[in-house]
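Geometric and topological summary
Take a look at the letters that make up each chain.
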Amino acid sequence: MSVIEKLAVISDTITKLMNFVSTNETVKPDFEEYIKTVSANNQGNVRIQALMIPYIFERRLTKDRKTIIELYENSNSGISKEEKEILNCLSMSLSSVFEVRRVLSSGFELYNLLNEKMYKVLSLVKMNNFRGITPGQFAMCRIFPMKDEYYLLEVSNVISSYNKDEVYKFVIAKIIEKPEDAYEGNSKKQEQIEKLVDDFGKKFLDCFKTDEVITTNHYADNLINMFNIYCDNGEKPSQDDINANIKSVENNRYFTVDDFKNSYSNFMEKSLEGFSSHNSTYDIGIVYDKELGLFVLPFYQTFCKIYEVEDYKTIQGYKDCVKNFLENDKVPANIIKRIAGKYNNFIDRTNEILQTSYSLDELLNYYKADSMDKKIYSSSNVLYASKVFEQMMTMVTQKEENKTKEGIDYSHVGRNDKCPCGSGKKYKNCCMLKN
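It should be emphasised that the depicted structure is a prediction, and the values quoted were computed from it without experimental measurement.

**Describing the sheet that holds strand 8 (residues 212-216)**
In spatial order, the strands read 8-9-10; together these three strands make up an open sheet with antiparallel pairing. The sheet is open, and its two borders are formed by strand 8 and strand 10 (293-298), each paired with just one other strand. Ignoring strand direction, the axes of neighbouring strands in this sheet form an average angle of 15°. Both strand 9 (residues 283-289) and strand 10 contribute to a ladder of six bridges, which runs antiparallel.

Okay, structure coming up:
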């Protein structure tokens with residue numbers, strides 16, 4: 001197959017996928033609902049077609065949580081060998097933030113800021129469609145592999161090199177949202193993360209003498225900070241300091257915490273504020289999984305209590321709590337397996353609450369398919385291995401040093417102290433965010 005023929009078949013296959021989304025009786029209503037959720041139902045066809053790309057590659061439907069590509073293949077018995085090959089390649093697509101290194105006659109050289117790998121990609125359309133994209137800019141792209149080559153499926157946004165700090169914030173938020181994007185396709189990066197997970201796991205056990213610590217949100221930041229300091233410079237906290245920050249909630253209950261609803265635009269600022277800034281009080285489990293790393297899990301103790309107490313219905317929000325732990329992508333299968341291993345009644349009680357009849361394997365395959373298929377390491381551990389995160393922290397340090405040069409020293413200011421700038425606000429709500 002010539003290059004021109006290959007490009008034609010790829011374009012034709014993508015067009016068929018889009019038509020499938022627009023006409024299939026199962027997929028069409030879900031896509032229409034998806035359009036409403038992203039507030040694009042009143043926008044033009046061009047915008048809606050652009051939204052089809054992430055929908056096709058990220059959405060899972062039906063009880064078996066099949067991808068759109070799988071549903072398309074199942075509903076079309078006459079797919080050619082070439083089209084099946086292309087569909088398989090499309091299913092391995094990746095979406096990331098890239099730095100444009102070179103503009104080529106037929107594509108680009110792109111550096112993936114998430115997995116730190118260079119890609120030479122071929123364009124499916126004429127390069128004059130990308131006029132204005134120059135080296136040094138940042139582009140949000142989706143690419144896919146095919147026979148030792150990569151193809152550019154879409155460019156959803158292009159950002160100026162002058163906005164590097166905003167791009168870095170976005171990349172960090174992306175890593176926390178989907179940590180596997182930071183090492184998929186880069187075996188050396190994955191090996192580095194695996195070593196970090198192992199090293200930090202030993203330090204966690206040495207620090208806390210257990211692989212899980214339960215406290216409240218008003219003290220969790222302190223414990224996490226103690227562990228970070230120990231990992232950074234070996235300064236081990238005393239047992240008295242640890243015990244002083246292990247607290248219990250008066251009543252285990254599950255409820256919605258509005259502070260978790262962060263957007264990419266304010267993600268870093270909200271993260272810096274920490275759990276202690278939240279007005280509500282709830283339990284938090286700081287859990288270290290020896291395979292995947294550190295997980296900070298709101299309502300972890302409440303989730304455990306549902307299987308500990310005889311009358312679980314006395315726990316406020318018990319059903320929503322169970323659904324949250326099962327449906328939340330940030331909670332991997334290993335955490336559910338941990339709870340199932342603790343409580344013999346786990347699967348029976350879960351089925352009773354959800355009115356289902358799953359076995360444990362069926363439950364995990366339905367709710368945790370992604371983390372069953374591949375290792376999804378803790379975003380905390382992945383961040384430690386990220387060059388973007390390291391560079392972002394360097395930029396923050398430099399800004400703090402510049403502030404010190406201007407006559408304001410923030411180096412010894414506590415999060416809850418009054419800000420030295422004279423605003424009257426707490427440091428965490430003022431210059432800490434700016435720095």
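**Here we look at the pattern of salt bridges**
Two side chains that carry opposite charge are able to pair once their charged atoms sit near each other. Throughout the structure, instances matching the rule amount to 21 salt bridges. Note that Asp198 and Lys202 form a salt bridge whose closest N and O atoms lie 3.4 Å from each other. One end of the pair is Asp198 and the other is Lys202, both in helix 7 (residues 187-208) and four residues apart, which spans about a single turn. When its relative accessible area of 40% is taken as the criterion, Asp198 is described as partly exposed. For Lys202, a relative accessible area of 54% puts it in the exposed group. Connected through salt bridges with shared partners, the residues Asp211, Glu212, Arg338 and Lys342 form a single ionic network.

**Things to note about the layout of surface pockets**
Counted as a void, the second largest pocket has a volume near 170 Å³. Taken together, Lys63, Asp64, Arg65, Tyr358, Glu362, Asn365 and Tyr366 make up the full set of residues lining the second largest pocket. Across the lining of the second largest pocket, the residue classes break down as two nonpolar, one polar and four charged.

**Here we look at the pairing of strand 4 (residues 107-112)**
Of all six residues that make up strand 4, five are buried, and the element is covered over most of its length. Here five bridges tie strand 3 (residues 94-103) to strand 4, and the two strands are oriented antiparallel to one another. Across the sheet, residue Glu99 finds its bridge partner in strand 4, namely Tyr111. Taking the residues that link successive antiparallel strands as the turn, the strand 3-strand 4 hairpin has three residues.

**Details of the packing of helix 11 (residues 300-308) against helix 13 (residues 333-342)**
At a minimum axis distance of 10 Å, the contact between helix 11 and helix 13 shows a crossing angle of 40°. You can see that helix 11 and helix 13 cross each other, and the crossing is right-handed. Between helix 11, through Tyr300, Phe303, Cys304 and Tyr307, and helix 13, the contact on the second element is made entirely by Ile335, Ile336, Arg338, Ile339 and Lys342. Looking at side-chain class alone, the contact of helix 11 with helix 13 contains seven nonpolar, no polar and two charged residues.

**Some points on the packing of aromatic side chains**
Per the counting criterion, the structure on display carries 27 aromatic pairs. Plain terms: the ring middles of Phe108 and Phe130 are 5.5 Å apart, the flat faces sit at 75° to each other, and that makes the pair edge-to-face. One end of the pair, Phe108, is in strand 4; the other, Phe130, is in the loop between strand 5 (117-123) and strand 6 (138-146), with 22 residues separating them in the sequence. For Phe108, a relative accessible area of 3% corresponds to the buried category. On the basis of relative accessibility, which here comes to 15%, the residue Phe130 falls in the buried class. An angle of 25° between the planes, with centres 5.2 Å apart, marks the rings of Tyr282 and Phe299 as stacked. Here Tyr282 is found in the loop between helix 10 (267-273) and strand 9, whereas its partner Phe299 is found in the loop between strand 10 and helix 11, with 17 residues between them in sequence. Here Tyr282 falls in the buried class, since its relative accessible area comes to 1%. We classify Phe299 as buried; its relative accessible area is 2%. Its end group placed over the ring of Tyr111, Arg101 keeps NZ or CZ at 4.5 Å from the ring centre.

**Structural notes on the pairing of strand 3**
Relative to strand 6, strand 3 runs antiparallel, the two being bridged by six bridges. Residue pairing across strands places Val97 opposite Met140, the latter belonging to strand 6.

**Structural notes on the confidence of the model for the protein chain**
Confidence in the prediction of the protein chain, expressed as mean pLDDT, is 87, and 87% of residues score 70 or more. Considering only residues more than four positions removed or in separate chains, one finds that residues 264-270, a stretch of pLDDT under 50, has 14 contacts.

**Side note on the side chain of Gln137**
Assignment of secondary structure puts Gln137 in the loop between strand 5 and strand 6. Among the residues examined, Gln137 registers a relative accessible area of 16% and is labelled buried. From its side chain, Gln137 meets the backbone nitrogen of Thr134 in a polar contact 2.8 Å long.

**Observations concerning the sheet that holds strand 3**
Pairing in this closed barrel of five strands is mixed, and the strands run 3-4-5-7-6 around the ring. Taking each pair of neighbouring strands and ignoring which way they run, the sheet shows an average axis angle of 50°. Docked against the sheet, helix 5 (residues 81-90) engages strand 6 and strand 7 (149-159), running at close to 140° with respect to strand 6.

What counts, and where the lines are drawn
Residues numbered from 1 in each chain as written. Predicted model: local features only at pLDDT ≥ 70, side-chain atom pairs only at ≥ 80, totals over all residues. Heavy atoms only, no water. Pairing = 2+ DSSP bridges. Helix = DSSP H or I, 4+ residues; strand = E, 2+ residues; numbered from the N terminus. Axes fitted to C-alpha atoms, helices over the stretch in contact; angles between N-to-C directions. Salt bridge = Lys/Arg side-chain N within 4 Å of Asp/Glu carboxyl O. Buried < 20%, exposed > 50% of the residue type's maximum accessible area, 1.4 Å probe, protein only. 1 Å grid on protein atoms, 1.4 Å probe; cavity = no way out; pocket = protein on both sides within 12 Å on 5 of 7 lines; lining within 4 Å. Points joined across faces, edges and corners; volume = space filled by probe spheres on them. Nonpolar A, V, L, I, M, F, W, Y, C, P; charged D, E, K, R; others polar. Left-handed = near helix turned anticlockwise from the far one by under 90°. Contact = heavy atoms within 4.5 Å. Phe/Tyr/Trp six-rings, centres within 6.5 Å; stacked < 30°, edge-to-face > 60°. Lys NZ or Arg CZ within 6 Å of the ring centre and 35° of its normal. pLDDT = per-residue confidence, 0-100. Polar contact = N/O pair within 3.5 Å; in protein donor to acceptor, adjacent residues only side chain to side chain.

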